[in-house]
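Residue-level structure breakdown
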Amino acid sequence: MLSMLQKPRQAAAQVLNFALILSSAFMMWKGLSVISDSPSPIVVVLSGSMEPAFQRGDLLFLWNRNLLQDTSVGEVVVYNVKDKDIPIVHRVVRKYGEGEDAKLLTKGDNNPSDDTELYARGQDYLVRKDIIGSVVGYIPFVGYVTILLSEHPWLKTVMLGVMGLFAILQRE
Amino acid sequence: MAEKITLYNLPDLKNAADDAIANYLNSIKFKQSHSMIDVRLALGYSSFILAAACALWDYKLGWDATKLYTAIAVAIYTVLSGALTVWTWKVEQGTIYQGKAPSGDDLFIASETKKMEPVYRLKIAIQDKSTGKIKAFKISKPFAEFFNESGFFVPKPFQEFLATNISVVGKADSKRIQAASEKLLNENPELLSAVLNAGSEKEAEATGTEKKAGGKRRKA
């Protein structure tokens, strides 16, 4: 470790290796965001409200461009509700109107009633811009890693610390 | 300098030898240049700063307001990382020392090791100062010949290896050039024992002309 101080370039190069791993992962994520036009192109299912289609821990890929057709009834969409942080994955069950201003109603396949109770106070329907993407693909189960990480935040710290140590101590 | 190396760790051996090359050449008046690693650091850190800026404005202003800038940043980041990859693969190629010899010629040394094979391999390129022609060649030496069994680096055989094989180094440090005859003896144990059996001190003196410790080394 001490010898690193005498060779500032080598030390800088080692720190860089670690920094580039983080920044490349981040920029890949942002690249995916740009391509799919969604602020969050990959989400993890947190509840069982869409069973049997999706289970807790499934990883969903989203697409947020209406290139060929508008978002329509039957699509599974992910939407954000004002003042709530957690995006919700449910199916569009009704649609009134066309284009940007169409009114959409959603419902979880496994829920007894539609989502009006989940919407913000006074909100009875969604519009297109509430939606951050339609589900176009999924990988079952792998999302459990992030569920673990978010439910036990100390795991994140440990992981980052271990990765950082390895990157800095190992010269390869 | 007296750093103990784990002899089973190939990267450690390589790194110690890499460092020793720089120390040795700088000590015999080579002028080390850092331009290659500097370019790499510049490319790497500018792309990292770009990513950090992108993260910052995304965090402060949100996705929708910064969509366009994020798209541009992603494009530039891709170009920068591509340039960095090309630079390390095609230009640096594992270069661990670049510098100017006292004679004015440029010297580039790249090092590598192969998995499960404790041999230090060097790619040397010498650019003549007057003609500009590049002479490139490869040399190699087992690590066991310049690390002792407790894991300490032994400079002398290593420096002899460099001075004997790389002309510009030999020119700058001629006392480290291993006499051709001595090298021959070292590489052919039978010949060596034949010479030793002959037991003539004078002959040993004659072959190892300017090397005082020549006799000692042969026993090793």
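Residues numbered from 1 in each chain as written. Chains lettered and ligands numbered in written order. Predicted model: local features only at pLDDT ≥ 70, side-chain atom pairs only at ≥ 80, totals over all residues. Heavy atoms only, no water.

It is worth spelling out the UniProt feature "transmembrane region" (unreviewed entry) in chain B at this point. All names here are of chain B. The UniProt entry lists residues 39-59 and 71-89 under the feature "transmembrane region" (unreviewed entry), expressed in the numbering used here. Structurally, residues 39-59 comprises 100% helix and 0% strand, and the distance from its first C-alpha atom to its last is 30 Å. Regarding residues 71-89, the helix share stands at 100% and the strand share at 0%, and the terminal C-alpha atoms are separated by 27 Å. (UniProt positions renumbered as here; feature names shortened; annotations may be inferred. Helix = DSSP H or I, 4+ residues; strand = E, 2+ residues; numbered from the N terminus.)

The omega torsion across Glu51(A) and Pro52(A) is 5°, close enough to zero to call that bond cis. Residue placement: Pro52(A) occurs in the loop between β1 (42-44) and β2 (59-63).

Moving on, we get to the interface of chain B and chain A. In this assembly, 24 residues from chain B lie in contact with 22 residues from chain A. A combined buried area of about 2100 Å² lies between chain B and chain A, and 68% of that area is made up of carbon and sulfur atoms. On the chain B side of the contact with chain A, Tyr45(B), Trp63(B) and Tyr77(B) bury the most area, a combined 28% of that side's loss. Our count for the chain B to chain A interface comes out at four salt bridges. (Contact = heavy atoms within 4.5 Å. Buried area = accessible area lost by both parts, 1.4 Å probe. Salt bridge = Lys/Arg side-chain N within 4 Å of Asp/Glu carboxyl O.)

Quick look at the environment of Asn64(A) now. All names here are of chain A. Relative to the elements of secondary structure, Asn-64 occurs in the loop between β2 and β3 (76-79). Considered as a pair, Asn-64 and Ile-132 are 68 residues apart in the sequence and their alpha carbons are 6.1 Å apart. When sequence neighbours within four positions are dropped, the list of residues in contact with Asn-64 reads Ser-36, Asp-37, Ser-38, Arg-128, Ile-131, Ile-132 and Gly-133. For Asn-64, the side chain forms a polar contact with the side chain of Arg-128, separated by 3.0 Å. (Polar contact = N/O pair within 3.5 Å; in protein donor to acceptor, adjacent residues only side chain to side chain.)

So, about the UniProt feature "transmembrane region" (unreviewed entry) in chain A. When the UniProt feature table is mapped onto this chain, "transmembrane region" (unreviewed entry) is found at residues 131-147 of chain A. Annotated as 24% helix and 53% strand, the span residues 131-147 of chain A places its first and last C-alpha atoms 22 Å apart.

We now examine a negative patch on the surface. Together, Asp70(A), Glu98(A), Glu100(A) and Asp101(A) line one region of the surface with negative charge. Relative to the assigned elements, Asp70(A) resides in the loop between β2 and β3. (Patch = residues over 30% accessible without salt bridge, like charges linked within 9 Å, V, L, I, M, F, W, Y side chains within 5 Å. Areas by Shrake-Rupley, 256 points an atom, 1.4 Å probe, with all protein chains shown as cover. Lys, Arg positive; Asp, Glu negative; His and termini not counted. Charge placed at Lys NZ, Arg CZ, Asp CG, Glu CD.)

Residue and element names in this part refer to chain A. Together, Ile-21, Leu-22, Met-159, Leu-160 and Met-163 give the surface a local cluster of nonpolar side chains, amounting to about 440 Å² of exposed area. When contributions to the nonpolar patch are tallied by element, the ones reaching two or more residues are α2 (8-36) and α4 (153-169). Per-element accounting of the nonpolar patch gives the leading share, three residues, to α4. With respect to the helices and strands, the residue Met-159 is situated in helix α4.

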